[in-house]
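Spelled out, the chains give:
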Amino acid sequence: MAAIAQSIRRSAIGLGLFAVITGGTIAVTQVLTADRIAEQAARAEARALFEIIPESRHDNDLLRDTVQLPASDRLPQSGPITAWVARSNGQPVGVILPAVAPDGYSGDIRLLVGIDLEGNVLGVRVTSHKETPGLGDRIETKKSDWIYSFEGRNLRDPVPRRWNVKKNGGVFDQFTGATITPRAVVKAVQKTLIYFRQNRQELRKILNETPEKRSAPIIPDAVAGQHQDAEHS
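Residues numbered from 1 in each chain as written. Predicted model: local features only at pLDDT ≥ 70, side-chain atom pairs only at ≥ 80, totals over all residues. Heavy atoms only, no water.

Draft legend 1. Geometry of unusual backbone geometry. For the bond from aspartate 157 to proline 158, the omega torsion is 5°, close enough to zero to count as cis. Inspection of the secondary structure assignment puts proline 158 in the loop between strand S5 (121-128) and helix H2 (180-198). Phi at asparagine 89 takes a positive value of approximately 55°, unusual for a residue other than glycine. Locating asparagine 89 in the fold gives a position in the loop between strand S2 (81-88) and strand S3 (91-104). Accessibility expressed as a relative area gives 68% for asparagine 89, which makes it exposed. (Helix = DSSP H or I, 4+ residues; strand = E, 2+ residues; numbered from the N terminus. Buried < 20%, exposed > 50% of the residue type's maximum accessible area, 1.4 Å probe, protein only.)

Shown next, in the form of structure tokens:
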């Protein structure tokens, strides 16, 4: 009996050590993976900003020139909204707003929507999604040029009822075998334009405020490193 009891104790100790080591390994892996994901997201966001409003169209530090805007049910995010401001010779020429399409085929689709001060779309980019490869992922610029179809659009062009995919009476193309994804993006962009219109006066006031002095400009590839350093400070 003593030998059996001793064997059980050894097995229990072995299992306990195995659980501790396994748990520690998983925890370390999760931390490292989270850091990599955060870095990749920061890089994607920075590049998207400069694709929407290229450096040739502004002369300020786009990544640091941000403003806080009021929350709205048009943009499904909690708390104030951080927007990026593009300026030329000190004057605002456009703003980039974050947006979320909550009704994508596989969940949230996160976007950046650039709008000039007249309410025209300067550009739209998808920063993250989980849509089906080969179908819904055509919202990415590397998969198709569909996302460019928003450029120059506004709430008058097309008229509100035509802000949809063609299958539903709109002007925007759907994808073969995938209607939900493009429709969700179209609606998210339209809601962002409505938010801009509803808050135009306040936006103009905020955007025309003199930006505070900033240090040296940040380039797109540097933002991920800065983000990572902040997390570990």
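This is not the end of the story, as more comes after the structure.
Draft legend 2. Representation of the sheet that holds strand S1 (residues 66-69) within the structure. With respect to topology, five strands assemble into an open sheet ordered S1-S2-S3-S4-S5, the strand pairing being antiparallel. Two strands lie at the open edges of the sheet, namely S1 and S5, each paired on one side alone. Strand-to-strand twist of the sheet, defined as the mean angle between neighbouring strand axes without regard to direction, takes the value 30°. Looking at chain direction, strand S4 (residues 107-115) and S5 are connected through six bridges and run antiparallel. (Pairing = 2+ DSSP bridges. Axes fitted to C-alpha atoms, helices over the stretch in contact; angles between N-to-C directions.)

Draft legend 3. Molecular detail of the pairing of S1. The alternating pattern of S1 places Val67 and Leu69 on a buried face, while none of Thr66 and Gln68, on the opposite face, is buried. Relative to S2, S1 runs antiparallel, the two sharing four bridges. Residue valine 67 lies in a different strand from S2, and its bridge partner there is alanine 83.

Draft legend 4. Representation of the pattern of salt bridges. Scanning the entire structure with this criterion turns up seven salt bridges. Lysine 142 serves as the salt-bridge partner of glutamate 140, at 3.9 Å between the closest nitrogen and oxygen. Take glutamate 140: its relative accessible area is 18%, and that puts it in the buried class. Given the relative accessible area of 69%, lysine 142 is considered exposed. When the shortest N-O distance is used, the salt bridge between lysine 166 and aspartate 173 registers 2.7 Å. (Salt bridge = Lys/Arg side-chain N within 4 Å of Asp/Glu carboxyl O.)

Draft legend 5. Up close: the side chain of serine 144. Tracing the chain through its elements places serine 144 in the loop between S5 and H2. Among the polar contacts made by the side chain of serine 144, one reaches the main-chain carbonyl oxygen of arginine 138 at a distance of 2.6 Å. (Polar contact = N/O pair within 3.5 Å; in protein donor to acceptor, adjacent residues only side chain to side chain.)

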